[in-house]
Amino acid sequence: HWINPSATDLPQVMPGDLRGLDEDGYLQVLTTYGMAAVEMTGSGGELLQIASGSKATITFPIPAALSGSAPANLPLWYFDESMGLWKQEGSATKTGSNYVGDVAHFSYWNCDVPSNYVQFNCTIVDGSGQAIPHVLVKISRVSNPTSAGYGYTDSSGYTGGAVPNNAQLLLEVFPDWNCGTAIYSQTFTTGSTNISLGTITVNNTSYIANVSGTVTDCNAMPVSNGCVLMSINQRYYRFAVSSSGAFDFNIVLCSPSGSADIIAEDLTNMQQGTALTVTLNSGSNVLGNLQACGTNTAQFINLSVNGTNYSLTSPADSIMQTGNSGTPTSGSGGVYGFGATQNYISFVYTSSGVITVGAPVNLSFLNTSYINDSTYIVSPIAVNITEYGAVGTGFIAGNFTGTLQGAAPPPAGTYNITCSFRVRRRI
């Protein structure tokens, strides 16, 4: 799968960020000219690799927007998932409108120009000095706008990271990656030492909405351990309520007004209320009281491997839906869970039609730290969908049972698995 290095959603689809270790082990900032995810499987679905001592040729198309600055030769880098960094290995040569190089293993591959870096940081606030959280800060080279890095501000408005040294850079603040208009921009120049722009004040209040209200439980009592979930511009936000059940937060819109879905959640009693669709406008938006009652919010992945049971449970463990689920022509997606003890369970399902309750889909992949072996599916495994709620407010739940075959050298293991799951729909 080719990953377009000039795509606007590059930060959403690439692994890690554009930092890598060169051949001498030094951290570098990378300018990408193409990426590819490469995987090969056998007839039984087992993962294959290039034979020891052999290599395969990989070709990356160069987008027209990058052809003018594309050098004749550049290093190749593969993504080390255990470190979350790219590692330099080999090189690629510009041949016509492509980069071509040889690789010794399958992975995520990236052709990049490395450069030294300095550390950068800033804090984004509004005209009254209040932090603006969760906005996208983009930094690009003035001479090559497609060479860019991205970071979101945290709850205090802070963001930071590595940027190229001795470079003229453009900083832009966007409400989100899919918003086309920056609400703030400035250029700055880096040298050979770390740089801080300090506090940046965004006086453009025409895109900033303040949202406030209260949350009560099924007994109409204030929720002291809860949150407000909001879906807007294809992004999901989570804001904690105070001990008295109040919420008060700022959100930056793509335009002076925008539609949002909001749900109140009671974390103690594992209940949520009915989704409220509202139009948010710049300035004050008082929503009144939201009741967190009516729908159970349990999220879990329960997995049995040869009779031994394992479980990941939210919120102690992180569980999320992934993929492109329930499109008009096909249903595909998956569930990923990562435990507080670094254990994980991940699986993917596919269907030839729209996913609905009672219509089985097929398990196409399962990977878990609880099986110390590369595995593949022996015979088709049906995933029974028992719940399929609305995106952002509802949940997808189901179960499946089957057998996985180990791909290790004989004697390879056989793994009888049973799984049940429930996770909030994101897609």
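Residues numbered from 1 in each chain as written. Predicted model: local features only at pLDDT ≥ 70, side-chain atom pairs only at ≥ 80, totals over all residues. Heavy atoms only, no water.

1. A few points about the sheet that holds strand β15 (residues 168–174)
What holds strands together in a sheet is hydrogen bonding between their backbones, with the strands either parallel or antiparallel. The following threshold applies: DSSP bridges decide pairing: two strands pair if at least two such bridges lie between them. Only DSSP runs of H or I with at least four residues qualify as helices, and only runs of E with at least two residues qualify as strands; both kinds are numbered from the N terminus onward. Simply put, an axis is a line fit to the C-alpha atoms, just over the touching stretch for a helix, and the angle between two N-to-C directions goes from 0 to 180 degrees.
The sheet built from four strands is open, its strands ordered β13-β12-β15-β16 with antiparallel pairing. Unpaired on one side and paired on the other, β13 (148–152) and β16 (184–189) mark the two borders of the sheet. Strand after strand, the sheet turns through a mean of 20 degrees between neighbouring axes, direction not considered. Here β15 runs beside β16; their pairing, made up of six bridges, is antiparallel. When the sheet's bridge partners are listed, Leu 170 is paired in β16 with Thr 187.

2. Focus: the state of the cysteines
This is how it is decided: In what follows, a disulfide is any cysteine sulfur pair within 2.5 Å. Three labels apply to residues, based on accessible area from a 1.4 Å probe with only protein chains included: buried if under 20% of the type maximum, exposed if over 50%, partly exposed otherwise in between.
Inspection of the entire model under this criterion finds two disulfides. One disulfide in the model links Cys 179 with Cys 254; its S-S distance is 1.6 Å. Judged by the sign of its S-S torsion, about -45 degrees, the cystine formed by Cys 179 and Cys 254 is left-handed. With Cys 179 in the loop between β15 and β16 and Cys 254 in the loop between β21 (246–252) and β22 (257–266), this pair connects stretches of sequence that are 75 residues apart. Exposure remark for Cys 179: the relative accessible area of 5% places this residue in the buried category. Covalent S-S linkage joins Cys 218 and Cys 293, the inter-sulfur distance amounting to 2.1 Å. In this structure the cystine formed by Cys 218 and Cys 293 twists about its S-S bond by roughly 105 degrees; its chirality is therefore right-handed. Highlighted residues: Cys 218 in the loop between β18 (208–216) and β19 (226–232) and Cys 293 in the loop between β25 (283–291) and β26 (295–296), separated in sequence by 75 residues. For Cys 218, a relative accessible area of 39% gives the class partly exposed. The exposure class assigned to Cys 293 is partly exposed, which follows from its relative accessible area of 27%.

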